[in-house]
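Architecture and fold: a report
Here is what each chain is made of, one letter per residue.
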Protein chains: 2
Amino acid sequence: MTELDRSGTDGNAGGMTSRTAPKLDHLLGIAAGLMARRGFGRTSIRDVANETGISLGGLYYYFKNKEDLLFLIQERTFGALLELQEAALAEGGDAETRLRRLVRNHLRYFLDHFNELKVCTYELESLEGERYEAIAELRRWYYHRLAEIVAEVWGVPGDRLESDGRVRHATLFVFGMLNWIFTWYDADRDKPVDRLGDEMIALVMDGLRAGPPPERTESS
Amino acid sequence: MTELDRSGTDGNAGGMTSRTAPKLDHLLGIAAGLMARRGFGRTSIRDVANETGISLGGLYYYFKNKEDLLFLIQERTFGALLELQEAALAEGGDAETRLRRLVRNHLRYFLDHFNELKVCTYELESLEGERYEAIAELRRWYYHRLAEIVAEVWGVPGDRLESDGRVRHATLFVFGMLNWIFTWYDADRDKPVDRLGDEMIALVMDGLRAGPPPERTESS
DNA sequence: TAATCTATCGAACGTCAGTTCGAAAATGAG
DNA sequence: CTCATTTTCGAACTGACGTTCGATAGATTA
């Protein structure tokens, strides 16, 4: 229904086929900052123009649509996160080890790319059609990796992973913890991210009944 | 900075001081449905007019602002939920019992008022000034009630509750699980809500290491 | 019936948004 | 220097949005 016509060029309006584009990255970073604060719908292209110093019309050299701008932010940010996580999983280890790595990476990445990842988390549904599907696919990949770990902890065989609602729910509970952080994290108050990760792992693995995790200052 | 001028009348533009207003409730329900689907920013007053059958101008008899419309939805929905939870807590019981009640109530309420509660969850930041503060206050109340339970499970004394980051984090992790549901819940797939609650309690209390919760069909 | 209050309407106003476009600088190669 | 390509600009168009307002029924009261 909602089609998009990527006419030959592969993402942005003008040329720019190079892997990394510093000016575009800068632009996307600023746009993400605005969208993280005011939301996609409330952020105008004119806001982006003012904040970046680029003229209103000039922006359309970098993206062909407002929605395309959002897509570029999400694709790049989420893509990089998933690459990171893929590498982390490739390192192997038992389920708990991999889970801990995943959570820590996620939290570290979220600290370094707060605005961008917040936009990824909140504004998926502002995309439509192909663009929506492309990002949804990335999310599905992430979901499956975590679900596999949950299933492994519980000893659920891989072929029953899809049909077992308990694995699905537990996985989504964990994602809820991870993603909800954007609503409350306060850099000053909640300082060491790795400790946050440890606390989360402690809750996920052993629950409240095991008591609070140790209050030490730092670890690896 | 951003002031609102409630000139005498107490919330809506016209009169209407009665406790329950069926037509207003109907209106708010439809508005919540639109906002849940497309977000506050993307939902226009004209959309609400079309969907309700009330004329564009006529809507302003019920609220004085678009933001006021959002506020009314949040205040009523969240207010009712908190009343429910206050009553549930008043019933007493140990920490786990109260936690289970809280979670179950939350999930049941979320099923019955999906759109409205989704709007409450996502659109707090679309409010400003006094209206923002009023809703934020309600949320704070909810947070504290859950934090108290977490602290009780861990045996953290009430006066150290505020300063202990671990209580804060664990509480917010649980809220994350609860609120993230709006992004994935599928009425057909994830049928019995009470079981969802039990699975969540199982994870929160005992963690993944305790193994998956029993797969029974239903309980109380 | 006259007066008052509640509820509703349609038209209009002003603003701001996304997008387009042709021209013009800047850049870099031959 | 010349020329083609890349990048940037400012003005303009078009549509949608929130909000206002005077008019108007219907209901209620005196």
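Computed from a prediction, not measured in an experiment: that's the story for all the values here. (Residues numbered from 1 in each chain as written. Chains lettered and ligands numbered in written order. Predicted model: local features only at pLDDT ≥ 70, side-chain atom pairs only at ≥ 80, totals over all residues. Heavy atoms only, no water.)

Some points on the overall build of chain A
Helix and strand counts for chain A come out as nine helices and zero strands. Secondary structure of chain A in N-to-C order comes out as α-α-α-α-α-α-α-α-α. For chain A, the proportion of its 220 residues judged to be buried stands at 51%. Of the contacts made within chain A by residues no fewer than 6 positions apart, 67% connect residues no fewer than 24 positions apart. Looking at chain A as shown, the accessible area adds up to about 10400 Å², and 49% of this sits on carbon and sulfur atoms. (Helix = DSSP H or I, 4+ residues; strand = E, 2+ residues; numbered from the N terminus. Buried < 20%, exposed > 50% of the residue type's maximum accessible area, 1.4 Å probe, protein only. Contact = heavy atoms within 4.5 Å. Areas by Shrake-Rupley, 256 points an atom, 1.4 Å probe, with all protein chains shown as cover.)

A word on the interface of chain A and chain B
Contacts between chain A and chain B engage 45 residues on the former and 45 residues on the latter. Counting the surface lost from both chain A and chain B, the interface buries some 4500 Å², and carbon and sulfur atoms represent 60% of this. On the chain A side of the contact with chain B, A:Phe173, A:Trp180 and A:Leu208 bury the most area, a combined 19% of that side's loss. Salt-bridge contacts for A:Arg209 lead to B:Glu96; the nearest nitrogen and oxygen are separated by 2.8 Å. Counting the contacts that link chain A with chain B gives 22 residue pairs in polar contact (both at pLDDT 80 or more). Mapped onto the side of chain A that touches chain B, the elements with two or more residues apiece are α5 (95-112), α6 (114-122), α7 (129-154), α8 (165-180) and α9 (193-206) of chain A. Broken down by element, the side of chain A that touches chain B gets its largest block of residues, twelve residues, from α8(A). Tallied by class, residues from the side of chain A that touches chain B come to 22 nonpolar, eight polar and 15 charged. (Buried area = accessible area lost by both parts, 1.4 Å probe. Salt bridge = Lys/Arg side-chain N within 4 Å of Asp/Glu carboxyl O. Polar contact = N/O pair within 3.5 Å; in protein donor to acceptor, adjacent residues only side chain to side chain. Nonpolar A, V, L, I, M, F, W, Y, C, P; charged D, E, K, R; others polar.)

So, the relation of the copies chain A and chain B
Mapping chain A onto chain B calls for a rotation angle of 180° and an axial translation of 0.0 Å; the resulting RMSD is 0.0 Å. Expressed as a symmetry operation, the mapping of one chain copy onto the other fits a two-fold axis. Closest approach to the rotation axis among the C-alpha atoms of chain A is made by A:Gly207, whose C-alpha sits 2.0 Å away. When the interface residues of chain A are mapped onto chain B, 100% of them again lie at the interface, so the same face is used by both copies. (Least-squares fit on C-alpha atoms with pLDDT ≥ 70 in both.)

A look at the nonpolar core
Among the nonpolar cores identified, the biggest contains 88 residues, and A:Leu99, A:Leu208, B:Leu99 and B:Leu208 are the most heavily contacted of them. Residues within four places of B:Leu208 in sequence aside, it is in contact with A:Leu99, A:Val150, A:Val153, A:Trp154, A:Ala170, A:Val204, A:Met205 and B:Leu203. Counting 27 residues, the second largest nonpolar core, distinct from the first, contains A:Phe63, A:Ile73, A:Leu124 and A:Leu127. (Core = buried A, V, L, I, M, F, W, Y, C linked by side-chain atoms within 4.5 Å.)

A short note on empty space enclosed by the protein
The tally for this structure, following the rule as stated, stands at five cavities of 30 Å³ or more. A volume near 70 Å³ is recorded for the largest cavity. Along the walls of the largest cavity sit A:Glu199, A:Ala202, A:Leu203, A:Gly207, A:Leu208, A:Gly211, A:Pro213, B:Trp154, B:Arg166, B:His169, B:Ala170 and B:Phe173, which together make up its complete lining. Residue assignment for the lining of the largest cavity shows that the elements contributing at least two residues are α9 of chain A together with α8 (165-180) of chain B. Per element, the largest residue contribution to the lining of the largest cavity is four residues, and it comes from α8(B). (1 Å grid on protein atoms, 1.4 Å probe; cavity = no way out; pocket = protein on both sides within 12 Å on 5 of 7 lines; lining within 4 Å. Points joined across faces, edges and corners; volume = space filled by probe spheres on them.)

Points about the environment of B:Phe173
If you trace the backbone, B:Phe173 turns up in helix α8. A relative accessible area of 1% places B:Phe173 in the buried class. In contact with B:Phe173, not counting residues within four places along its chain, are A:Met177, A:Trp184, A:Leu196, A:Glu199, A:Met200 and A:Leu203.

Re the packing of helix α1 (residues 22-38) of chain A against α6(A)
Residues and elements named next belong to chain A. Between α1 and α6, the shortest axis-to-axis distance is 8 Å and the interhelical angle comes to 60°. The pairing of α1 with α6 is recorded here as oblique in orientation. Here α1 and α6 pass one another in a crossing that is left-handed. Across from Gly29, Ala32, Gly33, Met35 and Ala36 in α1, the residues of α6 making contact are Asn115, Glu116, Lys118 and Val119. (Axes fitted to C-alpha atoms, helices over the stretch in contact; angles between N-to-C directions. Parallel < 35°, antiparallel > 145°, perpendicular 65-115°, else oblique. Left-handed = near helix turned anticlockwise from the far one by under 90°.)

Overview of the protein's contact with DNA strand D
With respect to spatial proximity, 17 residues lie near DNA strand D, and among them A:Lys23, A:Ser55, A:Tyr61, A:Tyr62 and B:Ile45 are the closest. What you see for DNA strand D is that sugar and phosphate hold 57% of its atoms within 4 Å of the protein. One nitrogen or oxygen atom from the main chain of A:Ser55 is found 2.8 Å from a phosphate oxygen belonging to DNA strand D. Separating a phosphate oxygen of DNA strand D from a side-chain N or O atom of A:Tyr62 is a distance of 2.4 Å. For the surface near DNA strand D, the elements supplying multiple residues, two or more each, are α3 (56-59) of chain A together with α2 (45-52) and α3 (56-59) of chain B. Of the residues assigned to the surface near DNA strand D, the class counts are six nonpolar, seven polar and four charged. (Near = heavy atom within 4 Å.)

Here's the deal with the side chain of A:Glu123
In this structure, A:Glu123 sits in the loop between α6 and α7. Here A:Glu123 sits buried without a salt bridge, and the closest side chain of opposite charge, B:Arg42, lies 7.0 Å off (N-O distance). One polar contact links A:Glu123 to A:Ser126, side chain to side chain, over a distance of 2.8 Å. (Lys, Arg positive; Asp, Glu negative; His and termini not counted.)

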